[in-house]
Structures are given as C-alpha cells and as structure tokens.
There are 2 protein chains.
Amino acid sequence: MEAYQRLLEHNIKPSMQRIAIMKYLMTHSTHPSADVIYTELSPTMPTLSKTTVYNTLKLFAEQGAALMLTIDDKNVNFDGDTSLHAHFLCKSCGRIYDLPVPEASKSVEMYEVEGHRILEVHNYYKGICKECFEKRNID
Amino acid sequence: MEAYQRLLEHNIKPSMQRIAIMKYLMTHSTHPSADVIYTELSPTMPTLSKTTVYNTLKLFAEQGAALMLTIDDKNVNFDGDTSLHAHFLCKSCGRIYDLPVPEASKSVEMYEVEGHRILEVHNYYKGICKECFEKRNID
DNA sequence: GTGCTTGCAAATCGTTTGCAATAGC
DNA sequence: GCTATTGCAAACGATTTGCAAGCAC
C-alpha cells in the first residue's frame, strides 16, 4: 500500500512531510526514533524541521497509523507495522527486533481488566540479541 | 522481609541511603520515579542527593532487586515487587497499576527466541483506569 | 589509606512550547 | 482570507557526568 493511501485511511490530511515520514516508516522496520527519522530525511528534505517530525509521529500514533514504543528508556521509538507482534530490545547494541507473540497469548483479548479500559497492549522483551551474543559483544 | 536483608540477598552492600530507598520501594506499590522517591525521602534525609537516588535505583535494577519500568515515556518508574505481573498505565492520570498476567501467558517461559537471549519480559497495558473512566476524567 | 559511596553543580539530550511564516482550500 | 501545517529558536526536564569530599574496613 502507498503511504498516501495509508494516511487517508487514518484520517490524516496528507502533506509532503507526512507522506515522507509515513513512507520512511513503511520501508524501514528498524523502529526509528524521531531523531533518526529527521536525520535520515533531512538530506533530501532540507527544510524539514525536527518539530514537524515530532508532531507528525505523535499524530500518527494518535490516529493509529503507527505504534509508539516505550521499550527503550533512552527515547521513544516508532513502528509503522501496527499488526499484533512483540518487540525485543538488545541491551548491548540497542537494536529493536520484531518477534511473534507467543501462541498461548494470542487468544487473549482483553478490553477491560479490573475496571480499567485497555486501549493498547505492549509485549516487550529485553536481553542480548543473537548477533551480539555470538560476537560476545556484551558491553 | 526487611530492606536490609533484601539488599544482602542481592549482593548489594547496605548503606543508610540504600536501605531507605529499598524500604520505600517495599512499602509503596505506586511505581515511583527516581524524582518522586527523592522528593519523598528528602525531608527525613536532608543530605540525600538526587544522584544517589538515580545511582541506587540503577544498581537495584542491575542486581535484580527492583524492576525498571519503561511503560511511561515521560520517565522511568521502579517497582520493588519483582514477581511476575503486568502493568497498566492510565493515559489520563498517569498512575501505574499492577495487574495479573493473563492465565494463558503464564505457562509461556522463554529464555531464547530466534537466537536472542531473553533476560526480561515486560507486559504493559495502556488505557483509562477505572477511576478516571467513572469520573469521565479523560483529559 | 585504598576503594567504594555520596553529593553538588554543570552538562547533556530528547522532547515540547511559543510564535511567526507558509501553504492549501 | 481562514485554518491547518510547518519551522525556527528557546525552554524544559529527566537523567548523566565530572569530580571532590566522606565513609568503611
């Protein structure tokens, strides 16, 4: 699907900046931070400002067009893939990987627990990723 | 159990400050931030510094004596209860509640997935808590 | 007295805010 | 022209760092 279409589907009025940021999210499954997106897009969009990147990502998250991940305490990360999946943060290299949600948890759908209305479910794992482990790249 | 004992069990050399912070965590299930702990302890420990609170909490987390929660993008929160449970963040009032992990997920014990070594599992829910929902206290 | 712990002040850095300039209908 | 969007610079605030002083064995 195109970035432009995706914005319309989430009731987001398209603009050059919004399309560029959505396209970046759709073509990079690296769970970038706002700063990374700004740095990457900046060369080809010299007038882009960091404020716009922050505003846009916040808007995407609010409209359900992207996920806001709080797995890393250093900064917030974004994911253009809004389907059900878990995330793994490598404590050594800082990369975030996608992981499937364990089969046993898939059936669990909760919208309310102990009176609290649940709007988002986050499944985070933290540890040492395969690459760092094999390289003994542990700090 | 006493805070002092708890420190020893986690190979943490006890000190006045460390005991006070551990005691605070053990008697408050409010998932405080470093700043909250500092503000609460400060009156009775006037010489306590924020740096020490940050250092101590980091040490506790490293030694497995406390959990470091990244559920809130505003700041990191700490939990003295290291047993298996989930967390719920109210997007309206910001409070963090403990929740049981769904029965179906309890059996899932993973230490390695797709080659990545898993050291921590975090189960976060976000939404509107019972109190805020009943009060229509939604922003 | 050596090494760990503490505390102050300053620095860092991700993120937000205020507000003026701009673009799109 | 009116409203929403963008962008710059400044502000903010949580956390970290450098380093000197204090404590414990």
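Our structure is the block above this text.
Quick caveat: nothing in here was measured; it's all calculated off a predicted structure. (Residues numbered from 1 in each chain as written. Chains lettered and ligands numbered in written order. Predicted model: local features only at pLDDT ≥ 70, side-chain atom pairs only at ≥ 80, totals over all residues. Heavy atoms only, no water.)

Engineer: Tell me about the interface of chain A and chain B, residues and numbers included.
Structural biologist: Residue-level contacts link 34 residues of chain A with 34 residues of chain B. Around 3100 Å² of area is buried between chain A and chain B when both sides are counted, 63% of it from carbon and sulfur atoms. Summed over the shared surface of chain A and chain B, the number is two salt bridges. Linking chain A with chain B are 17 residue pairs in polar contact (both at pLDDT 80 or more), by the criterion used here. Sorting the residues of the side of chain A that touches chain B by element identifies β4 (96-99), α5 (103-106), β6 (116-128) and α6 (130-134) of chain A as the ones contributing at least two each. Sort the elements by how many residues they give to the side of chain A that touches chain B and β6 of chain A lands first, with 13 residues. Looking at side-chain class alone, the side of chain A that touches chain B contains 19 nonpolar, seven polar and eight charged residues. The sheet contact formed by β6 of chain A and strand β6 (residues 116-128) of chain B spans eleven bridges and is antiparallel. (Contact = heavy atoms within 4.5 Å. Buried area = accessible area lost by both parts, 1.4 Å probe. Salt bridge = Lys/Arg side-chain N within 4 Å of Asp/Glu carboxyl O. Polar contact = N/O pair within 3.5 Å; in protein donor to acceptor, adjacent residues only side chain to side chain. Helix = DSSP H or I, 4+ residues; strand = E, 2+ residues; numbered from the N terminus. Nonpolar A, V, L, I, M, F, W, Y, C, P; charged D, E, K, R; others polar. Pairing = 2+ DSSP bridges.)

Engineer: Help me get a handle on the relation of the copies chain A and chain B, residues and values and all.
Structural biologist: Superposition of the two copies of the chain requires a rotation about an axis together with a shift along that axis. Each copy superposes on the other: chain A lies on chain B with an RMSD of 0.1 Å after a rotation of 180° and an axial shift of 0.0 Å. Such a combination of rotation and displacement between the chain copies is what one expects of a two-fold axis. Here 100% of the interface residues in chain A have copies in chain B that are interface residues too; the copies meet face to matching face. (Least-squares fit on C-alpha atoms with pLDDT ≥ 70 in both.)

Engineer: Any details on the protein's contact with DNA strand D? Residues and values, ideally.
Structural biologist: Around DNA strand D sit 15 residues in total, of which Ser15, Thr47 and Ser49 of chain A together with Tyr54 and Val76 of chain B are the nearest. Arg18 of chain A has a polar side-chain atom sitting 3.0 Å from a phosphate oxygen of DNA strand D. Here Thr51 of chain A contributes a side-chain N or O atom positioned 2.9 Å from a base nitrogen of DNA strand D. Secondary structure elements with two or more residues in the surface near DNA strand D: α2 (16-27) and α4 (50-62) of chain A together with α4 (50-62) of chain B. For the surface near DNA strand D, the residue count by class is three nonpolar, eight polar and four charged. (Near = heavy atom within 4 Å.)

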